[in-house]
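# An overview of the molecular structure
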Amino acid sequence: MKSVFKEIKSDLPASIVVFFVAVPLCLGIALASGAPLFAGIIAGIVGGIICGIASGSALGVSGPAAGLAVVVLNSIQTLGGSWHAFLLAVVLAGCLQLLAGYLRAGFVAYFFPSSVIKGMLTGIGLIIILKQIPHAVGYDENLEGSLQFAEPTGENTFSAIAHAFTQITPGAVLIALISIAILLLWENVLMKKSRIFHVIQGPLVAVVVGIIMFNLYRNGILNFTLADKQLVTLPVPENIGAFFGQFTSPDFSQLANPEVYFIAVVIAVIASLETLLCVEATDKLDPLKRVTPTNRELKAQGLGNIVSGLIGGLPITQVIVRSSANITFGAKTKLSAILHGVWLLLSVITIAHLLNMIPLATLAAILILVGYKLAKPALFIQMYKLGWEQFVPFMATVVGILATDLLKGIGIGLAVGIFYTLRHNYKNSHYVHDTKTVENGKEMHHLVLAEEVSFLNKANILKTLNAIPDNAKVVIDGSKSVAIDYDVIEIIQNFRQNAKSKNIEVELLGITEEKAEMSH
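## What to know about the state of the cysteines
For the coordinates displayed, the defined rule picks out 0 disulfides. There is no disulfide at Cys95, and the cysteine sulfur nearest it, in Cys51, is 14 Å away. With a relative accessible area of 37%, Cys95 lands in the partly exposed category. We note that Cys278 lacks a disulfide partner, and the nearest cysteine sulfur, in Cys51, lies 12 Å from it. On the basis of relative accessibility, which here comes to 1%, the residue Cys278 falls in the buried class.

## With respect to a nonpolar patch on the surface
Where nonpolar side chains cluster on the molecular surface, the patch consists of Leu96, Leu99, Leu103, Val265 and Val269 and spans about 440 Å² of accessible area. Elements that contribute at least two residues to the nonpolar patch include exactly helix H4 (83-102) and helix H11 (258-285).

## A look at the pattern of salt bridges
Overall, the coordinates contain 6 salt bridges when judged by the stated rule. A salt bridge links Glu141 to Lys229; its shortest N-O distance comes to 2.4 Å. Of this pair, Glu141 sits in the loop between helix H5 (114-136) and helix H6 (157-164) while Lys229 sits in the loop between helix H9 (202-218) and helix H10 (240-244), placing them 88 residues apart in sequence. A salt bridge links Lys473 to Glu505, with the nearest nitrogen and oxygen atoms 3.8 Å apart. Of this pair, Lys473 sits in strand E7 (residues 472-477) while Glu505 sits in strand E9 (residues 505-509), and the two are 32 residues apart along the sequence. With relative accessibility at 9%, the residue Lys473 sits in the buried group. For Glu505, a relative accessible area of 37% puts it in the partly exposed group. Here the salt bridges share partners, and the residues they tie into one network are Lys473, Glu505 and Glu507.

## Thoughts on the packing of helix H1 (residues 8-33) against helix H14 (residues 335-350)
At a minimum axis separation of 8 Å, H1 and H14 run at an interaxial angle of 50°. Classified by the interaxial angle, the pair formed by H1 and H14 is oblique. Both H1 and H14 take part in a crossing whose hand is right-handed. Where H1 approaches H14, its residues Ile8, Asp11, Leu12, Ala14, Ser15, Ile16, Val18, Phe19, Ala22 and Val23 are matched on the opposing element by Leu335, Ser336, Leu339, His340, Trp343, Leu344 and Ser347. The class makeup of the residues in the contact of H1 with H14 is 12 nonpolar, 4 polar and 1 charged.

## With respect to the environment of Thr328
Counting through the fold element by element, Thr328 comes out in helix H13 (residues 320-328). Here the alpha-carbon distance between Thr328 and Glu443, two residues 115 residues apart in the chain, equals 63 Å. Sequence-distant contacts of Thr328, that is, excluding residues within four places in its chain, are made with Val370 and Lys373.

## A few points about helix H3 (residues 69-78)
Of the residues making up H3, those classed as buried are Ala69, Val71, Val72, Ser75 and Ile76. One face of H3 carries all of its buried residues, which in axial projection span an arc of 160°. Turning to H3, the residues buried within the fold contact H1, H4 and H11. One or two positions beyond H3, positive phi appears at Gly80, with a value near 70°.

## Some details on the packing of aromatic side chains
Scanning the model with the defined rule gives 15 aromatic pairs in all. Taken together, a centroid distance of 5.6 Å and an interplanar angle of 25° make the contact between Trp83 and Phe86 stacked. Taken together, the positions of Trp83 and Phe86, both in helix H4 and 3 residues apart, correspond to about one turn of that helix. The same class applies to Trp83 as to Phe86, namely buried. Following the ring pairs from residue to residue traces out a cluster consisting of Phe380, Tyr384, Trp388, Phe391 and Phe394. Positioned above the aromatic ring of Tyr102, the side-chain terminus of Lys299 is 4.2 Å from the ring centre.

## Digging into the packing of H5 against H6
Packing of H5 against H6 brings their axes to within 8 Å, and their N-to-C directions diverge by 35°. Crossing hand, H5 versus H6: left-handed. The residues of H6 that touch H5, namely those facing Ile127, Leu130, Lys131, Ile133 and Pro134, are Thr157, Phe158, Ala160, Ile161 and Ala164. Taken together, the residues that form the contact of H5 with H6 break down as 8 nonpolar, 1 polar and 1 charged.

## Here's the deal with the side chain of Thr122
Take Thr122: it is sitting in helix H5. Filtering out sequence-adjacent residues up to four positions away, Thr122 remains in contact with Leu374, Ala375, Leu379, Phe380, Phe394 and Val398.

## Here we look at the nonpolar core
Counting 104 residues, the largest nonpolar core has Ile41, Phe86, Leu234 and Leu314 as the members making the most contacts within it. With residues up to four places along the chain from it excluded, the contact list for Leu234 reads Val23, Leu27, Ile41, Val348, Ala352, Leu355 and Asn356. Within the second largest apolar cluster, 20 residues are counted, among which are Ala450, Val453, Leu465 and Val506.

## A closer look at unusual backbone geometry
A positive phi is found at Arg104, a non-glycine position, where the angle reads about 60°. Tracing the backbone through its elements, the reader meets Arg104 in the loop between H4 and H5. Residue Lys289 is not a glycine yet carries a positive backbone phi of 55°. Locating Lys289 in the fold gives a position in the loop between H11 and helix H12 (294-311).

## Some points on the confidence of the model for the chain
Confidence along the chain averages 89 in pLDDT terms, with 95% of residues attaining 70 or more. Contacts for the low-pLDDT stretch residues 516-520, under 50 throughout, to residues beyond four places or in other chains number 10 contacts.

Scoring rules and cut-offs
Residues numbered from 1 in each chain as written. Predicted model: local features only at pLDDT ≥ 70, side-chain atom pairs only at ≥ 80, totals over all residues. Heavy atoms only, no water. Disulfide = S-S within 2.5 Å. Buried < 20%, exposed > 50% of the residue type's maximum accessible area, 1.4 Å probe, protein only. Patch = residues over 30% accessible without salt bridge, like charges linked within 9 Å, V, L, I, M, F, W, Y side chains within 5 Å. Areas by Shrake-Rupley, 256 points an atom, 1.4 Å probe, with all protein chains shown as cover. Salt bridge = Lys/Arg side-chain N within 4 Å of Asp/Glu carboxyl O. Helix = DSSP H or I, 4+ residues; strand = E, 2+ residues; numbered from the N terminus. Axes fitted to C-alpha atoms, helices over the stretch in contact; angles between N-to-C directions. Parallel < 35°, antiparallel > 145°, perpendicular 65-115°, else oblique. Left-handed = near helix turned anticlockwise from the far one by under 90°. Contact = heavy atoms within 4.5 Å. Nonpolar A, V, L, I, M, F, W, Y, C, P; charged D, E, K, R; others polar. Arc of directions from axis to C-beta. Phe/Tyr/Trp six-rings, centres within 6.5 Å; stacked < 30°, edge-to-face > 60°. Lys NZ or Arg CZ within 6 Å of the ring centre and 35° of its normal. Core = buried A, V, L, I, M, F, W, Y, C linked by side-chain atoms within 4.5 Å. pLDDT = per-residue confidence, 0-100.

Below you can see the structure in the form of structure tokens.
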């Protein structure tokens, strides 16, 4: 038990920051999903406590995911608007994830190139900043938690920013600027002067100042105003009975409905992919470079979705925005993620009315700082210096996320990464060692094949063989090759037969039919 709390000085303040970030995100994603607002809070609580305990991730935070909002909205409509039937699909999706964990399907996480994961983090950092600018200036038409280019309101990321600057709320701008000033002062000055400023985090101070300023506005002490939609809007239960009345259960009579199973599969696949991507990204951000066991993470997410579905919550994944905030503000162990779930639970029971005084402009300032740390200009320079094979997939992922959404952006980056892998494979099938020596009156050429030679290398090898001049001798050396595709061996055999007509002598080293069989 003592080991659980060994880093509580770091985990406690970080958990409070993640809690403040999570509240509007949970509500915004629920609203975008067409689900009851409290369903987002339930998913946040379960993601924090249940997934936090079951997970092997030190810094990952789970909860409702923006990437599933459209899926949830369409699924509820497909099921005739039945929220209870949809909850059954969430439970079944959790069962599928649990099964995937036991079947060790977590290895999928290791197929994403580092350049794509870094591009994902940078793209999310930029999209966080862009999506929070309107909230920082008081334009709150679009939902918190959205990471898609196209908004449900018909706007997109950039049109929302353009509209925001035509409808600025001075009171929101003032709060955002003061919040950013507090955060920068805390990180760059105060935390270097005393350890007390490590325990009392800048975001907590910014939230308190934001609440104070809202009350100064409301009471006419400062001549500014904030509308209700510019504040956190947590459901406030009238009594404990009303609180528990917000929990709902699945409609198990829908087990005979095939559409429920289809939706369950879709949720399980998307939620698992988002989780595995987030796991890879979070591990890269972890200062201690710990490695999350991916199969255990799938089991944890499966358990979380089963519980969330049983009590009326949205589907859960590990989520990069909250995980990034967790790391940015100093978390050391998974206690931070668990505590953020505890704070969510306690807050909706006790202080929902107080949380509803938090200006969204304050939370926008906190998230803008998180976004900047994910997308620092230095990272672009670093990736550029690594060469085109790293930089192009990285930029393709960044642009893809900005122009579409998280999963499509990752898909674009992955496609570009695969192109460069195939190109690299094509170009590095062999090398030609020409000494320009002459043996028995024939110019010598030495072609050494790579360790792995696949059918993708056919064109490049054929081009090299066709370039060998008449009246020469060529040694084709496959002694260092572990496997040579049969297609390549066939090309070499055909070349040897045709070489006689050009008076080309061909010597083969280490190239056998057995090596061709090994490649299949």
